[in-house]
Amino acid sequence: MRTGDKADALLALSRLEVQLTALRLRIMASADDVAVETGARDVAAWLAHQTQDSPQACRAEQHLATALDTRWTRLAAGIAAGAVNLAQAKVIARALDELPGDLDPALLVQAEDHLVEAAKEYRPDQLRVLGRRILDVIAPEVGEAEEAKQLQREEERAWETASLTLTRRGDGTTRLSGILPDAAATRLVTYLDAFTSPRQQANSAPQHRARGQAFCALLEHLDPARLPAHGGDATTVMVTISHDALARDLAAAGLVGTDDKITASEARRLACTAQIVPVVLGGRSEILDFGRTRRLFSRAQHKAMRLRDQRCRGENCTIPASWCEAHHWEPWSKGGKTNLADGVLLCSHHHHRAHDNRYSVERMPNGDIRFHRRN
């Protein structure tokens with residue numbers, strides 16, 4: 001086939017596929033007797049069984065077929081002519097279904113005609129946007145009031161369907177999945193990008209990984225004193241660890257109330273920035289010391305370190321000081337003091353490195369910290 005013939009054939013076959021789809025939908029709309037004859041729940045269930053197709057897909061087509069046969073006859077004619085493909089038809093039918101039930105029938109016809117005509121120029125995603133604003137096009141005086149009602153319905157539905165699921169994977173990680181209202185999701189993305197944006201040059205991780213790390217950082221920076229009371233006190237996380245283990249590089253600490261464990265190095269890192277409460281235990285698990293927030297640098301100290309350091313003091317790091325965390329150069333567990341001389345600003349990446357026993361650290365004459373991977 002010549003190039004032009006191939007192009008013509010592809011377009012002709014696409015139109016034929018749409019017309020075949022239109023024919024299948026017309027038959028589905030009048031095939032209740034097939035389900036009755038076979039005892040199937042409906043024709044969609046029968047067709048899914050016979051063709052090994054997705055039951056959900058077949059049921060969606062049945063709903064569309066019924067709508068085209070009983071309500072949206074102009075849209076059905078567009079599909080039969082090959083002018084509207086199946087993806088466009090689904091978007092248009094949904095947009096028409098979502099119009100107010102008390103809308104003037106003449107406006108309803110006008111909306112259907114306009115969307116069918118628009119299918120000649122617009123993709124399904126573009127038609128979805130146009131469908132949501134169709135009343136603004138055909139009846140602006142009605143569209144503004146209806147838009148306000150639609151937004152209210154969407155916000156109520158979004159709040160009612162909001163969900164968050166945490167599933168332990170058994171490998172030290174938890175899968176987090178959920179559905180949020182758009183406004184809340186936008187706020188979350190804004191907060192996460194506040195952590196990730198200044199790291200673009202230093203962190204080449206894919207966006208989904210960068211945001212996952214930023215989410216962890218966001219939790220660490222929450223002020224428990226501003227959270228609702230929980231168990232008679234501001235929400236806190238307690239970590240139990242033996243006195244000897246706190247000073248060692250290889251040891252485990254337990255999170256109170258769970259079976260979870262973290263490394264001693266992670267517990268020391270969290271003690272630098274997060275308002276956790278380390279509970280130090282003696283040899284017989286007796287409590288030797290309850291950690292206090294005095295282990296943490298104050299806001300005034302943070303400001304002084306930002307003024308002094310200007311940036312992350314990891315060697316060659318350019319992350320600005322405002323996005324850094326305060327780190328004890330001499331670990332608190334080993335007698336380090338929470339003062340400016342013993343404090344240094346590190347970005348999240350280098351703060352993790354500072355508490356990673358696979359790396360040794362060296363303080364340079366200019367105050368920067370150089371990291372070396374241990375052999």
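Just so it is clear, the structure is predicted and the values come from calculations on it, not from any experiment.

1. Considering the overall build of the protein chain
- Within the protein chain, the secondary structure is distributed over 16 helices and 13 strands.
- Expressed as a percentage of the 375 residues in the protein chain, the buried residues total 34%.
- Look at the contacts in the protein chain between residues 6 or more apart in sequence, and 48% of them connect residues 24 or more apart.

2. A short note on a nonpolar patch on the surface
- A cluster of nonpolar residues, Leu 20, Leu 23 and Ile 27, forms a patch on the protein surface that exposes about 300 Å² of accessible area.
- Of note, Leu 23 is situated in helix α1 (residues 3-29).

3. Topic: the nonpolar core
- If you look at the biggest cluster of nonpolar residues, it comprises 39 residues, and the most contacted ones within it are Leu 75, Ile 79, Val 84 and Ile 92.
- Put simply, the parts of the chain that give this core at least two residues each are α1, α3 (43-51), α4 (55-70), α5 (73-80), α6 (86-97), α7 (105-118), α8 (124-132) and α9 (134-138).
- The greatest single-element share of this core, amounting to 6 residues, is contributed by α6.
- Residues within four places of Ile 79 in sequence aside, it is in contact with Val 18, Gln 19, Ala 22, Leu 68, Val 84 and Ala 89.
- Counting residues in each nonpolar core, the second largest holds 15 residues, with Leu 345, Leu 346, Ile 369 and Phe 371 among its members.

4. Quick word on the pattern of salt bridges
- This model, assessed by the stated rule, comprises 16 salt bridges.
- A salt bridge links Asp 5 to Arg 2; the nearest nitrogen and oxygen atoms lie 3.3 Å apart.
- Ionic pairing is found between Arg 313 and Asp 309, a salt bridge with its closest N-O pair at 3.2 Å.
- Through salt bridges with shared partners, one network takes in Arg 308, Asp 309, Arg 311, Arg 313 and Asp 368.

5. What about the side chain of Glu 325?
- With respect to the element layout, Glu 325 can be found in strand β10 (residues 325-328).
- Assessed through its relative accessible area of 3%, Glu 325 is described here as buried.

6. Quick look at the packing of α7 against α8
- Two elements in contact, α7 and α8, have axes whose closest approach is 11 Å; the angle formed by their N-to-C orientations is 160°. By the angle between their axes, α7 is roughly antiparallel relative to α8. Once α7 is placed against α8, the crossing between them reads as right-handed. Contact residues: His 114, Leu 115 and Ala 118 in α7; Leu 127, Leu 130 and Gly 131 in α8.

7. A closer look at the environment of Glu 154
- Within the element layout of this structure, Glu 154 appears in helix α10 (residues 140-161).
- With 27 residues separating them in the primary sequence, Glu 154 and Pro 181 have C-alpha atoms 8.9 Å apart.

8. Let's talk about the confidence of the model for the protein chain
- Per-residue confidence for the protein chain gives a mean pLDDT of 78; residues scoring 70 or more make up 74%.
- No element of the protein chain has a lower mean pLDDT than strand β9 (residues 287-290), which averages 40, and none a higher one than α1, which averages 90.
- A low-confidence stretch, residues 230-235 stays under pLDDT 50, and its non-local contacts, those more than four residues away or across chains, total 6 contacts.
- Per-residue pLDDT stays below 50 along residues 285-293; that stretch engages in 21 contacts with residues further than four places along the chain or on separate chains.

9. Thoughts on the state of the cysteines
- Enumeration according to the criterion identifies 0 disulfides in this entry.
- Not part of a disulfide, Cys 317 finds its nearest cysteine sulfur in Cys 312, a span of 3.7 Å.
- Residue Cys 317 is classed as buried on the basis of its relative accessible area of 6%.

10. Thoughts on the pairing of strand β13 (residues 369-373)
- Strand direction decides the pairing type here: strand β12 (residues 359-363) and β13, joined by 5 bridges, are antiparallel. By the bridge assignment for β13, Glu 362 is matched with Arg 370.
- Once β12 ends, the chain turns through 5 residues before running back antiparallel as β13, passing Gly 367 with a positive phi of about 95°.

11. Quick notes on α7
- Taking 1.5 Å as the rise per residue, α7 with 14 residues should run 20 Å; its terminal C-alpha atoms sit 20 Å apart, in good agreement.
- What α7 keeps buried is the set Leu 107, Ala 111, Glu 112, Leu 115, Val 116 and Ala 118.
- The secondary structure elements touched by the buried residues of α7 are α5, α6, α8 and α9.
- At the N-terminal boundary of α7, the capping side chain belongs to Asp 104, with an oxygen 2.9 Å from the backbone nitrogen of Ala 106.

12. Some points on α8
- Three or more residues of α8 are buried, namely Leu 127, Leu 130 and Gly 131. End-on, the buried residues of α8 take up no more than an arc of 100°, which puts them together on one face.
- Those residues of α8 that are buried are in contact with α6, α7 and α9.

13. Comments concerning the packing of α6 against α7
- Contact geometry of α6 with α7 gives a least axis separation of 10 Å together with a crossing angle of 160°. Judged by the angle between their axes, α6 and α7 are roughly antiparallel. The two elements α6 and α7 cross, and the hand of that crossing is right-handed. Residue-level contacts link Ile 92, Ala 95 and Leu 96 of α6 to Ala 111, Glu 112, Leu 115 and Val 116 of α7.
- Of the residues contributing to the contact of α6 with α7, the split by class is 6 nonpolar, no polar and 1 charged.

Rules behind the numbers
Residues numbered from 1 in each chain as written. Predicted model: local features only at pLDDT ≥ 70, side-chain atom pairs only at ≥ 80, totals over all residues. Heavy atoms only, no water. Helix = DSSP H or I, 4+ residues; strand = E, 2+ residues; numbered from the N terminus. Buried < 20%, exposed > 50% of the residue type's maximum accessible area, 1.4 Å probe, protein only. Contact = heavy atoms within 4.5 Å. Patch = residues over 30% accessible without salt bridge, like charges linked within 9 Å, V, L, I, M, F, W, Y side chains within 5 Å. Areas by Shrake-Rupley, 256 points an atom, 1.4 Å probe, with all protein chains shown as cover. Salt bridge = Lys/Arg side-chain N within 4 Å of Asp/Glu carboxyl O. Core = buried A, V, L, I, M, F, W, Y, C linked by side-chain atoms within 4.5 Å. Axes fitted to C-alpha atoms, helices over the stretch in contact; angles between N-to-C directions. Parallel < 35°, antiparallel > 145°, perpendicular 65-115°, else oblique. Left-handed = near helix turned anticlockwise from the far one by under 90°. pLDDT = per-residue confidence, 0-100. Disulfide = S-S within 2.5 Å. Pairing = 2+ DSSP bridges. Expected span 1.5 Å × (residues − 1). Polar contact = N/O pair within 3.5 Å; in protein donor to acceptor, adjacent residues only side chain to side chain. Arc of directions from axis to C-beta. Nonpolar A, V, L, I, M, F, W, Y, C, P; charged D, E, K, R; others polar.

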